[in-house]
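Observations on the three-dimensional arrangement
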Amino acid sequence: MPQFFQRAGVVALDEGEEFLTEQVARAGRGREIVCGALERSNRARCAWPEGGFYAFFTVDGIKDPATMAYQLVEQANIGVAPGLAFGRDGAAFARICFQRGAGQLDEAMGRLLAWLGN
């Protein structure tokens with residue numbers, strides 16, 4: 001088994017740069033789609049992350065992000081996580097992942113904007 005990991009490490013070093021570059025670009029496109037849509041909603045505020053592939057956001061008039069998360073799954077077919085799951089400082093937020101294809105994110109943001117009443 002250790003030889004497998006050594007070979008995998010060599011492949012990652014030799015060929016991983018392109019994969020990494022593609023994933024960083026994908027995350028950047030996703031961040032633009034998701035955070036941009038949230039801002040356009042006029043009800044949500046989004047913390048535009050400088051790295052990673054998750055964004056925390058709040059929605060005006062929503063007091064319980066956990067309830068909102070359940071509603072988004074059931075009513076808009078969008079999965080978000082309550083921010084409290086990531087620590088007490090996240091209690092007022094929901095977290096959304098944007099490391100998906102642009103088409104999927106565009107569709108999901110359309111449903112989210114409709115759910116928000118835009």
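Our subject is the structure that appears above.
Residues numbered from 1 in each chain as written. Predicted model: local features only at pLDDT ≥ 70, side-chain atom pairs only at ≥ 80, totals over all residues. Heavy atoms only, no water.

The next subject is the pairing of strand β4 (residues 94–97). Consecutive side chains of a regular strand alternate in pointing toward one face of the sheet and then the other. For strand β2 (residues 54–59) and β4, the ladder comprises 4 bridges, and the chain directions are antiparallel. Residue pairing in the sheet places F56 in a bridge with R95 of β4. (Pairing = 2+ DSSP bridges. Helix = DSSP H or I, 4+ residues; strand = E, 2+ residues; numbered from the N terminus.)

What follows concerns helix α2 (residues 65–76). Along α2, the residues classified as buried are P65, M68, A69, L72 and A76. Buried positions in α2, seen along its axis, are confined to an arc of 105° and lie on one side of it. Residues Y70, E74 and Q75 are exposed on α2 and point more than 90 degrees away from its buried face. Check the buried side of α2 and you find it contacts β2, β3 (81–82), β4 and α3 (102–116). Of the residues flanking the start of α2, the one acting as N-cap is D64, its side-chain oxygen 3.1 Å from the backbone nitrogen of A66. Looking at the residues trailing α2, positive phi occurs at N77, about 60°. (Buried < 20%, exposed > 50% of the residue type's maximum accessible area, 1.4 Å probe, protein only. Arc of directions from axis to C-beta. Contact = heavy atoms within 4.5 Å. Polar contact = N/O pair within 3.5 Å; in protein donor to acceptor, adjacent residues only side chain to side chain.)

Turning our eyes to something else, we now look at the sheet that holds β2. Reading across from one edge, β1-β2-β4-β3 is the order of the 4 strands in this open sheet, with antiparallel pairing throughout. Strand pairing shows two members of the sheet lacking a second neighbour, β1 (44–47) and β3, which therefore form its edges.

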